[in-house]
Amino acid sequence: MTDSRPIDSVVLAKQVPDTHNITGDAMTKDGTMNRNALSAIFNPEDLNALEMAVQIRERHGGTVTVITMGPPKAAGILREALWRGADRVILLTDRRFAGADTLATSLVLQKAIEKIGRYDLVLAGRQAIDGDTAQVGPQTAEKLGIPQITYAEAVLEIADGRITAQRALDSGTEIVRCEMPCLLTVVGSANTPRPPSVRRQIAGKLAATPGEYAALRAKWPEFETDAALEAHLDAHGLRIPVWTADDIGASAEAIGLAGSPTQVHKINFVVLESTESKTVPPTPEAIAAMVAELVHEYIVG
Amino acid sequence: MTEQQSIWVFIEHTDGQVADVSLELTGKARDLAGQLGYEVVGLLCGHGVEEMARDVIRHGADRVLLADHPELAYYRTLPYARVAITEARRRRPEIFLVGGTPNGRDFAPRVASALRCGLTADCTDLQIGDYYLRRQDATFRNLLYQIRPAFGGNLVATIVNPTTRPQMATVREGVMRMPAADASRTGVVEAVTPEFEPGDFALEVLSRQVRHATVKLKDAPVIVSGGAGITSAEEFALLRDLANLLGGEVGASRAAVDAGLIGREFQVGQTGTTVRPRLYIAAGISGAIQHRAGMDQSSKIIAINTDPNAPMFQVAHYRIVGDAAEVVPMIIEALRERSMDQRAAE
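The structure displayed is predicted, hence computed values, not measured ones.

Draft legend 1. Highlighting the overall build of chain B. In terms of regular secondary structure, chain B is built from 8 helices and 18 strands. The C-alpha radius of gyration of chain B comes to 23 Å, within 12% of the 20 Å expected for a compact globule of 346 residues. For chain B, the C-alpha atoms occupy an extent of roughly 70 × 50 × 40 Å along the three principal directions. A buried classification covers 59% of the 346 residues belonging to chain B. Within chain B, residue pairs in contact and separated by at least 24 positions form 62% of the contacts whose partners lie at least 6 positions apart. Roughly 14000 Å² of accessible area belongs to chain B as shown, and the carbon and sulfur atoms make up 46% of that amount.

The structure is reproduced here in structure tokens:
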């Protein structure tokens, strides 16, 4: 154990389409994407970031706050975050956030983190599976004016206001020591995220944003008014706060589509090049003939 | 200070060698600069690296900005980013290209955020073209078209940064062709003095453990890759057997990497390695565009998949509809028989 004080962490999470499980069904006949074939999930490496933050709290004390920017339904991953160990969650949602590229996204996250105020660490997954850019973490760190530790795989020590972490690089590993506050982007090999706890799931079953009250009351008619439901949620710490652009003091021209320097010029459906090709039946004879052809063309042998 | 517009390339290096990706991007920058009449500038941070500046010039740069300082001996985010941010603010490059390496992907977003400019990750092509921005009723000439797969790989998006500079993009190693070195090329090596701030040294590297790359996918003549259709370590071992028999390497799609069958360094595709082998065997890989973007330049492609509609079949030269676990042993058998026949004939 170290003598360090409690550590307050903010975890950046994103709800993403489950692009890892794209099947043939995900593509329609005209080449567009069948979004209904994809479920929305907690971005996998953000779960690793949450797990790292929860482990840090278990060791040093402190708090874990999870924030996400997204549409109202992104509240789903915030509930999941509560079940997996977060103390507090905040949904950043506003129509004006829509269409944000990574730069505009990082600005919203910066403003929200600054509104949270006190923090020692910001943790995020290395990248989100829907864009794979790995940009939002470093861009948020830059805007907060704090250093970044990308590809963090393990926290080795936290002491005297500094964190020692191991980074996983293609070329090997690096051990770095960094002053806090700082931002870590966490890789999938860092840990195995704990599953949602049944106890927390039961206790946090009703966690909801105000936008979800109507749906919740349909399921729980004993709450006769929104006010009654809200009083219950507040008494149990289950109201998921929603922050808009105004709440975090983000100006309209710096966020969403307007605040995004990158623009989509055009989108092309993927046209596969037709190659001269042969169908080879899966029989030993046909495959031997194919191998003979490859040898003949000096591709093999 | 020169008024000429410029395309910058971030020059990475390890063990006294300029990274391949940086030279590939220098070559691409040369092509683009030729269309635009711009200057190609390499940004080289390091310590005792002047010889590398010559190498960058031989591969297409007109000028190298050389920041030589003991604190820059190894890559660290903040000191390197400080040099780039300071010089970019001063000189205003039009375009800034960065290799899609771990360090490049750490560096580029930090710099782009400070410069408040657009950045597109993992481009698979770069072109020059015009863009009409309806909101301003204005046409922007000679923008960098940053082309990359998007939305789960079913689409290819062309991204532009009409109003902010530089236009930044990262590109993975192997995507652009390595230009031939031209020993007769001349250029200017211009020293720049880093203007560090105290906060730039908030992070110190305590140790580095370099694992020398054992994976040389990029140069392998034959690659046998497995994907979601390969469901066990035993099946993956078959791919290894086939690769060994063919004098090649094994590769993987992201699905096989995520399933834990093989390390991420073996991943072929937009976010892995781009390869152009003589023969590429895709075993149980459905062929998402991110994967195809990394292998569709292979001379011959054999695709094996149980799903006759797998997109991989559309880029394949040989289509085998069947279970890879059954088909791969047949290929191994056919190769063994041939070598036995050969031996018998000798």
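Draft legend 2. Region of the structure containing the sheet that holds strand E10 (residues 155-160) of chain B. Pairing in this open sheet of 4 strands is antiparallel, and the strands run E12(A)-E10(B)-E9(B)-E8(B) from one edge to the other. In the strand order of this sheet, the two ends are held by strand E12 (263-269) of chain A together with strand E8 (125-133) of chain B, each with one partner. Pairwise comparison of adjacent strand axes, ignoring direction, gives a mean angle of 35 degrees for this sheet. Of the strand pairs in this sheet, E8 of chain B and strand E9 (residues 138-150) of chain B are connected by 8 bridges, and their pairing is antiparallel. Paired with Ile128 of chain B across the two strands is Leu144 of chain B, which belongs to E9 of chain B. Helix H1 (residues 20-36) of chain B rests against E8 and E9 of chain B of the sheet, and its axis sits at about 40 degrees to E8 of chain B.

Draft legend 3. Geometry of the sheet that holds strand E6 (residues 121-125) of chain A. Strand order across the open sheet formed by 10 strands is E11(A)-E5(A)-E4(A)-E1(A)-E6(A)-E10(A)-E7(A)-E8(A)-E9(A)-E13(B), with mixed pairing between neighbours. Each having just a single partner strand, strand E11 (242-243) of chain A together with strand E13 (203-210) of chain B make up the two edges of the open sheet. In this fold helix H4 (residues 136-144) of chain A packs onto strand E1 (7-13), E6, strand E7 (148-159) and strand E10 (182-186) of chain A, with an angle of close to 180 degrees to the strand it touches most, E10 of chain A.

Draft legend 4. Inspection of the packing of helix H3 (residues 102-116) of chain A against H4 of chain A at higher detail. Residue and element names in this part refer to chain A. Relative to each other, H3 and H4 sit at 50 degrees, their axes nearing to 8 Å. The orientation of H3 relative to H4 falls into the category oblique. Regarding H3 and H4, the two cross each other, and that crossing is right-handed. In this structure, H3 uses Thr102, Leu103, Thr105, Ser106, Leu107, Leu109, Gln110, Ile113 and Glu114 to contact H4, whose residues at the interface are Val136, Gln139, Thr140, Lys143 and Leu144. Grouping the constituent residues of the contact of H3 with H4 by class yields 6 nonpolar, 6 polar and 2 charged.

Draft legend 5. Focus on the pattern of salt bridges. Residues and elements named next belong to chain B. Counted according to the given criterion, the structure contains 46 salt bridges over all chains. Of the charged contacts in the structure, one is a salt bridge between Asp130 and Arg141, with a shortest N-O distance of 3.0 Å. In this pair, Asp130 is assigned in strand E8 and Arg141 in strand E9, connecting sequence segments 11 residues apart. Of the residues examined, Asp130 reaches a relative accessible area of 32% and is grouped as partly exposed. Residue Arg141 is classed as exposed on the basis of its relative accessible area, which comes to 56%. What you see here is one network of salt bridges that share partners, running through Glu39, Arg63, Glu87, Arg90, Arg91, Glu190 and Glu195.

Draft legend 6. Fine view of unusual backbone geometry. Residue Pro181 of chain A is reached from Met180 of chain A by a cis peptide bond, and omega for that bond is 0 degrees. At the junction of Arg165 of chain B and Pro166 of chain B, the peptide bond is cis and its omega measures out at -5 degrees in the coordinates. Note that Pro166 of chain B resides in the loop between E10 and strand E11 (167-171). In this structure, Asp122 of chain B is a non-glycine residue whose phi angle is positive, near 55 degrees.

Draft legend 7. Layout of the packing of aromatic side chains. Residues and elements named next belong to chain B. The tally for this structure, following the rule as stated, stands at 6 aromatic pairs over all chains. Ring centres of Trp8 and Phe96 lie 5.6 Å apart, and the angle between their planes is 75 degrees; on these two criteria the pair is classed as edge-to-face. With Trp8 in strand E1 (residues 6-11) and Phe96 in strand E6 (residues 95-99), this residue pair connects regions lying 88 residues apart in the sequence. Considered together, Trp8 and Phe96 belong to a single accessibility category, that of buried residues. Both rings, one in Phe96 and one in Phe107, keep their centres 6.1 Å apart while their planes meet at 85 degrees; by these two values the pair is edge-to-face. Of the two residues, Phe96 sits in strand E6 while Phe107 sits in helix H4 (residues 102-115), which places them 11 residues apart along the sequence.

Draft legend 8. Examining the environment of Phe236 of chain B more closely. Residue and element names in this part refer to chain B. Among the secondary structure elements, Phe236 is positioned in helix H5 (residues 233-245). For Phe236, a relative accessible area of 2% translates into the label buried. For the pair Phe236 and Ile281, spaced 45 residues apart in sequence, the C-alpha separation works out to 13 Å. Sequence-distant contacts of Phe236, that is, excluding residues within four places in its chain, are made with Gly226, Ile230, Val250, Gly251, Ala252, Ala256, Leu261 and Ile262.

Draft legend 9. Highlighting the domain arrangement of chain B. Residue and element names in this part refer to chain B. Taken domain by domain, chain B comprises domain 1 (6-201) and domain 2 (217-345). One C-alpha centre belongs to domain 1, the other to domain 2; they are set 34 Å apart. Contacts between the two partners involve 15 residues from domain 1 and, on the opposite side, 9 residues from domain 2. At the surface where domain 1 touches domain 2, the tally comes to 3 salt bridges. The residue Glu173 makes a salt bridge to Lys218 at a minimum N-O spacing of 3.2 Å.

Draft legend 10. Representation of the interface of chain B and chain A within the structure. In this complex, chain B contributes 73 residues to the contact, which on the side of chain A involves 75 residues. Summed over both sides, the interface between chain B and chain A buries roughly 6600 Å², with carbon and sulfur atoms accounting for 55% of that surface. Our count for the contact surface shared by chain B and chain A stands at 6 salt bridges. Between Glu142 of chain A and Arg116 of chain B there is a salt bridge, with its nearest N and O atoms 3.4 Å apart. Taken together, the links from chain B to chain A amount to 33 residue pairs in polar contact (both at pLDDT 80 or more). A per-class count over the side of chain B that touches chain A returns 38 nonpolar, 16 polar and 19 charged. Judged from the 2 bridges that link them, strand E13 (residues 278-279) of chain A and strand E18 (residues 318-321) of chain B form a sheet pairing that is parallel. Considered in E18 of chain B, the bridge of Thr279 of chain A is made with Arg319 of chain B.

Draft legend 11. Region of the structure containing the state of the cysteines. Going through the model one piece at a time under the given rule, you end up with 0 disulfides over all chains. This cysteine, Cys117 of chain B, is not joined by any disulfide, and Cys123 of chain B carries the nearest cysteine sulfur, 13 Å off.

Draft legend 12. Representation of helix H2 (residues 50-58) of chain B in the model. All names here are of chain B. Listed as buried for H2 are Met52, Ala53, Val56 and Ile57. Down the axis, H2 shows its buried residues gathered within 150 degrees of arc, on one side only. Directly beyond the C-terminal end of H2, a positive phi value near 130 degrees is found at Gly60.

Draft legend 13. Inspection of the nonpolar core at higher detail. Leu50, Val66, Leu121, Leu123, Ile149, Ile163 and Leu184 of chain A are the most contacted members of the largest nonpolar core, which has 48 residues in total. In terms of residues, this core owes the most to one element, helix H1 (residues 44-60) of chain A, which gives 7 residues. Beyond its immediate sequence surroundings of up to four residues, Leu123 of chain A is in contact with Ser9, Val10, Val11, Leu12, Ala49, Met52, Ala53, Ile56, Leu184 and Val186 of chain A. The next biggest cluster of nonpolar side chains, apart from the first, holds 38 residues, and it includes Met290 of chain A together with Phe236, Leu246 and Ala334 of chain B.

Reading the values: rules and limits
- Residues numbered from 1 in each chain as written.
- Chains lettered and ligands numbered in written order.
- Predicted model: local features only at pLDDT ≥ 70, side-chain atom pairs only at ≥ 80, totals over all residues.
- Heavy atoms only, no water.
- Helix = DSSP H or I, 4+ residues; strand = E, 2+ residues; numbered from the N terminus.
- Rg over C-alpha atoms; globule rule 2.2 N^0.38 Å.
- Buried < 20%, exposed > 50% of the residue type's maximum accessible area, 1.4 Å probe, protein only.
- Contact = heavy atoms within 4.5 Å.
- Areas by Shrake-Rupley, 256 points an atom, 1.4 Å probe, with all protein chains shown as cover.
- Pairing = 2+ DSSP bridges.
- Axes fitted to C-alpha atoms, helices over the stretch in contact; angles between N-to-C directions.
- Parallel < 35°, antiparallel > 145°, perpendicular 65-115°, else oblique.
- Left-handed = near helix turned anticlockwise from the far one by under 90°.
- Nonpolar A, V, L, I, M, F, W, Y, C, P; charged D, E, K, R; others polar.
- Salt bridge = Lys/Arg side-chain N within 4 Å of Asp/Glu carboxyl O.
- Phe/Tyr/Trp six-rings, centres within 6.5 Å; stacked < 30°, edge-to-face > 60°.
- Domains from an automatic or database assignment.
- Buried area = accessible area lost by both parts, 1.4 Å probe.
- Polar contact = N/O pair within 3.5 Å; in protein donor to acceptor, adjacent residues only side chain to side chain.
- Disulfide = S-S within 2.5 Å.
- Arc of directions from axis to C-beta.
- Core = buried A, V, L, I, M, F, W, Y, C linked by side-chain atoms within 4.5 Å.

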